[in-house]
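Coordinates in review
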There are 2 protein chains.
Amino acid sequence: MLYPGNAKKTYTKPITYSNRGMDLESIINDTNKYYIDNSIAFIYKKPTPIGLVKVNDKRIESAYFKEASTLDYVGLYKGYYIEFDAKVTKNITSFPLNNIKPHQLKHIEIINNNKGIVFLIIEMNSNYYCLMGSTLLDFIKNNTVKSIPFSFIKDNAYELKYNYVKGLNYLKYIDIYLGGTNEKNEKNEEVK
Amino acid sequence: MLYPGNAKKTYTKPITYSNRGMDLESIINDTNKYYIDNSIAFIYKKPTPIGLVKVNDKRIESAYFKEASTLDYVGLYKGYYIEFDAKVTKNITSFPLNNIKPHQLKHIEIINNNKGIVFLIIEMNSNYYCLMGSTLLDFIKNNTVKSIPFSFIKDNAYELKYNYVKGLNYLKYIDIYLGGTNEKNEKNEEVK
């Protein structure tokens, strides 16, 4: 069975940032599976939106990939709405903001304004960082540069530690972001 | 452009409940658009999961519809995680529980246990009802019947009033469900 990842050889366009993120995507999928298996959170990768061209007896004979207008992962954690995206850069000194498409940035702003929990998981310099949407929006508001210095990410994002059982365990840092001691927070501490 | 709705004539299988729900789906899509346009809530129909068979240069040449394992609509309302499904029945006296697939019921239970807001919008006897997941789960726990009597729905679900501007405006009843006076609740009352 072919899917976009395997079908890379037939592509004529250059590799995009989202292809670079393939390994990070697997790690995040494993992390989310760990959360589901342990009833900690229910966060899923959204299906890629497809534009149907020709359908015959429920078989799709022609279709195309539509650009997602939102972020890749969405779900539920202790009643909270969670949405995030995975980003990979090979840049060493800064994270180029063109990794985040304008409609994604708009979406991050909407989620943040409506009390959802929104963030990016960034792979950079062989480390993983959880950059909260609010921090990203503040940076963009206060700076005119086209990339975020790595030093800013180190100082303002949560560094995620990879563990082969729990994956990136990013919810540990979402708990910290939420205040660490909120009333929904006492459960599951052992499991995580 | 063909899509499953238009391609109905090529189907050999009998019409399913989800086809019957087509008009309700349009009403819900309009309601959600009203919410988005007025920055009240950000609730979307999930893309139908597709199983890819053959992809050539990003064009999909063969694929099939996968069964969704969750509910159709997901989104954010004032920080709350919302998930729901639309169900239509032509039955007059009761709502057959086989409208809800076992994995959907399991999913409703998971969302409910994790403090998400989960419900069904049911079209029945030319009216629309918002049946909360917790009410549904209690009914199933306390009854062995295979359908929910219409009298139970009338007594225990919120009856939604259709309005050509605001659609079904189901969030009005979610506010009531949440207590009506919670701290997140003072805004947008005029708009709704």
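Residues numbered from 1 in each chain as written. Chains lettered and ligands numbered in written order. Predicted model: local features only at pLDDT ≥ 70, side-chain atom pairs only at ≥ 80, totals over all residues. Heavy atoms only, no water.

1. Observations regarding the overall build of chain A
To keep it simple, the criterion reads: Per the convention used, a helix needs a DSSP run of H or I reaching at least four residues, while a strand needs a run of E reaching at least two, with both numbered from the N terminus. The rule is simple: take the accessible area with a 1.4 Å probe, protein chains only, and divide by the maximum for that residue type; under 20% is buried, over 50% is exposed, in between is partly exposed. Contacts between residues were defined by any pair of non-hydrogen atoms, one from each residue, lying within 4.5 Å. In short, Shrake-Rupley with a 1.4 Å probe defines the accessible areas, and a residue's cover is counted only from the protein chains shown.
Helix and strand counts for chain A come out as six helices and ten strands. For chain A, the proportion of its 192 residues judged to be buried stands at 47%. For chain A, restricting intrachain contacts to residue pairs at least 6 apart in sequence, the fraction spanning at least 24 positions comes to 65%. Here chain A has roughly 9900 Å² of accessible surface; of this, 50% comes from carbon and sulfur atoms.

2. Here's the deal with the sheet that holds strand S2 (residues 50-56) of chain B
What counts, and what does not: Strands pair, by our definition, only if DSSP identifies at least two bridges between them. Angles shown run from 0 to 180 degrees and are taken between the N-to-C directions of axes, each axis being a line fitted to C-alpha atoms and, for helices, limited to the stretch in contact.
Spatially, the four strands line up as an open sheet ordered S2(A)-S3(A)-S3(B)-S2(B), and their pairing is antiparallel. Edge positions in the open sheet fall to strand S2 (50-56) of chain A together with S2 of chain B, since each of these has one partner strand only. When the angles between neighbouring strand axes are averaged without regard to direction, this sheet yields 30°. Both strand S3 (residues 59-65) of chain A and strand S3 (residues 59-65) of chain B contribute to a ladder of four bridges, which runs antiparallel. Across the sheet, residue A:Tyr64 finds its bridge partner in S3(B), namely B:Arg59.

3. Quick look at the side chain of A:Ser94
Residues and elements named next belong to chain A. Condition: Here a polar contact means two N or O atoms within 3.5 Å. Within protein one must be a hydrogen donor candidate and the other an acceptor candidate, and residues neighboring in sequence count only if both atoms are side-chain atoms.
Mapped onto the secondary structure, Ser94 falls in strand S6 (residues 94-96). Within the structure, Ser94 has its side chain in polar contact with the side chain of Ser147 (distance 3.1 Å). Each residue touching Ser94, except ones within four places of it in the same chain, is listed here: Thr89, Met124, Ser147, Ile148, Pro149 and Phe150.

4. Section: the pattern of salt bridges
Residues and elements named next belong to chain A. Note the cut-off: Any carboxyl oxygen of Asp or Glu that lies within 4 Å of a side-chain nitrogen of Lys or Arg is treated as forming a salt bridge with it.
One pass over the full model with this rule turns up twelve salt bridges over all chains. Residue Glu83 pairs with Lys46 through a salt bridge whose shortest N-O separation is 3.0 Å. Here Lys46 lies in the loop between strand S1 (42-45) and S2 and Glu83 lies in strand S5 (residues 80-88), a separation of 37 residues in the sequence. This pair shows no difference in class: Glu83 is buried, exactly as Lys46 is. One network of salt bridges, with partners in common, ties together Lys54, Arg59 and Glu61.

5. Some thoughts on the packing of helix H3 (residues 102-113) of chain A against helix H4 (residues 133-142) of chain A
Residue and element names in this part refer to chain A. Note the following rule: Here is the rule for angles: anything less than 35 degrees is roughly parallel, anything more than 145 is roughly antiparallel, 65 through 115 is roughly perpendicular, and the remaining ranges are oblique. In this scheme the crossing of two helices becomes right-handed for a clockwise turn of the near helix relative to the far one and left-handed for an anticlockwise turn of less than a right angle.
Where H3 meets H4, the closest approach of the two axes is 10 Å, and the angle between their N-to-C directions is 120°. As summarised for this structure, H3 and H4 are arranged oblique, according to the angle between their axes. Regarding H3 and H4, the two cross each other, and that crossing is left-handed. In this structure, H3 contributes Leu105, Ile108, Glu109 and Asn112 to the contact, and H4 contributes Gly133, Ser134, Leu136, Leu137 and Ile140.

6. Quick notes on the pairing of strand S4 (residues 73-77) of chain A
Residues and elements named next belong to chain A. Within S4, five of the five residues are buried, leaving the element largely enclosed by the surrounding structure. By the alternation rule, side chains of S4 split into Tyr73, Gly75 and Tyr77 and Val74 and Leu76, which are all buried. Taken together, the four bridges between S1 and S4 define a ladder with antiparallel strand orientation. Within S4, the residue paired with Ile43 across the bridge is Gly75. Counted along the chain from S4 to the antiparallel partner S5, the turn is two residues long, and its residue Lys78 has a positive phi close to 50°.

7. Topic: the environment of A:Asn32
Residues and elements named next belong to chain A. Mapping Asn32 onto the fold places it in helix H2 (residues 22-37). When its relative accessible area of 4% is taken as the criterion, Asn32 is described as buried. Taking C-alpha positions, Asn32 is 8.9 Å from Lys166, a pair spaced 134 residues apart along the chain. The residues contacting Asn32, other than those within four sequence positions of it, are Ile43, Tyr73, Phe84 and Tyr170. Looking at Asn32, its side chain comes within polar contact range of the side chain of Tyr170, at 2.6 Å.

8. Re the packing of aromatic side chains
All names here are of chain A. Selection rule: What counts as a ring pair is set by centres within 6.5 Å for rings of Phe, Tyr and Trp (its six-membered ring), and what kind of pair is set by the plane angle: stacked under 30 degrees, edge-to-face over 60, tilted for all other angles.
In the structure shown here, the tally under the stated rule is 19 aromatic pairs over all chains. A centroid spacing of 4.8 Å and a plane angle of 5° characterise the contact between Phe84 and Phe119, whose relative ring orientation is stacked. Note that Phe84 is positioned in strand S5 and Phe119 in strand S7 (residues 117-124), a separation of 35 residues in sequence. Assigned by exposure class, Phe84 and Phe119 land together as buried. An aromatic cluster is defined as three or more aromatic residues linked by ring pairs; in this entry it consists of Tyr34, Tyr35, Tyr73, Phe84, Phe119 and Tyr170.

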